[in-house]
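Chain residues, written in single-letter form:
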Amino acid sequence: MVVWGIVSREEAHIVRDFSERLGITYPVLLDTDGNVNREYAQEMAFPSAAFPQDWVIGTDGVVVYANNGFELDAMVSAIENELAE
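Everything numeric here is computed off the predicted structure, so don't read it as measured data.

Visitor: I'd like a description of the overall build of the chain, backed by residues and values.
Guide: On a plain count of helices and strands, the chain comes out with 3 helices and 4 strands. Along the chain, from the amino end to the carboxyl end, the secondary structure elements read β-α-β-α-β-β-α. Across the 85 residues that make up the chain, the buried fraction comes to 22%. Put simply, 26% of the contacts in the chain that link residues at least 6 apart link residues at least 24 apart.

Set out below in structure tokens:
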């Protein structure tokens, strides 16, 4: 399993400082022009919930889970299902 963070339209030094402050150890990729965000943006769960958005990509490259309401049990279940295959 691989975990990546993707940050859209933000400067690298801000992302680096934020990641260090939170102790993030997984790679954080920069979507400087917002193309990834435009391609995968989800409908907001509520007006101020645009971020974070969570995706689980299956072993076949297909999105098997997407959510921006943070439902840990559902995300863990999707990950476990993919790892079991």
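Right, picking up where we left off after that structure.
Visitor: Describe in detail the layout of surface pockets, supporting the description with residues and values.
Guide: Taken as a whole, the largest pocket holds about 1500 Å³ of empty space. As for the largest pocket, its lining consists of 38 residues, of which Trp4, Gly5, Ile6, Gln53 and Trp55 are closest to the centre. At the level of secondary structure, the elements contributing two or more residues to the lining of the largest pocket comprise strand S1 (5–8), helix H1 (12–22), strand S2 (28–31), helix H2 (35–40), strand S3 (54–57) and helix H3 (72–84). A per-class count over the lining of the largest pocket returns 26 nonpolar, 8 polar and 4 charged.

Visitor: Describe the nonpolar core, listing the residues and the values that go with them.
Guide: Side chains of a nonpolar character, in soluble globular proteins, are inclined to be buried together. Val56, Tyr65, Met75, Ala78 and Ile79 together form the largest nonpolar core, which totals 5 residues. Here methionine 75 is in contact with Asp54, Val56, Tyr65 and Phe70, once residues within four sequence places are set aside.

Visitor: Outline the pairing of S2, supporting the account with residue identities and numerical values.
Guide: With 4 bridges connecting them, S1 and S2 associate as parallel partners. By the bridge assignment for S2, isoleucine 6 is matched with leucine 29.

Visitor: Quick rundown of the pairing of strand S4 (residues 63–67)? Include the residues and the values.
Guide: As paired strands, S3 and S4 are joined by 4 bridges and run antiparallel to one another. Counterpart to isoleucine 57 in the pairing with S4 is valine 63. Between S3 and S4, which follow one another and run antiparallel, lie 5 residues, and glycine 61 among them has a positive phi close to 90°.

Analysis parameters
Residues numbered from 1 in each chain as written. Predicted model: local features only at pLDDT ≥ 70, side-chain atom pairs only at ≥ 80, totals over all residues. Heavy atoms only, no water. Helix = DSSP H or I, 4+ residues; strand = E, 2+ residues; numbered from the N terminus. Buried < 20%, exposed > 50% of the residue type's maximum accessible area, 1.4 Å probe, protein only. Contact = heavy atoms within 4.5 Å. 1 Å grid on protein atoms, 1.4 Å probe; cavity = no way out; pocket = protein on both sides within 12 Å on 5 of 7 lines; lining within 4 Å. Points joined across faces, edges and corners; volume = space filled by probe spheres on them. Nonpolar A, V, L, I, M, F, W, Y, C, P; charged D, E, K, R; others polar. Core = buried A, V, L, I, M, F, W, Y, C linked by side-chain atoms within 4.5 Å. Pairing = 2+ DSSP bridges.

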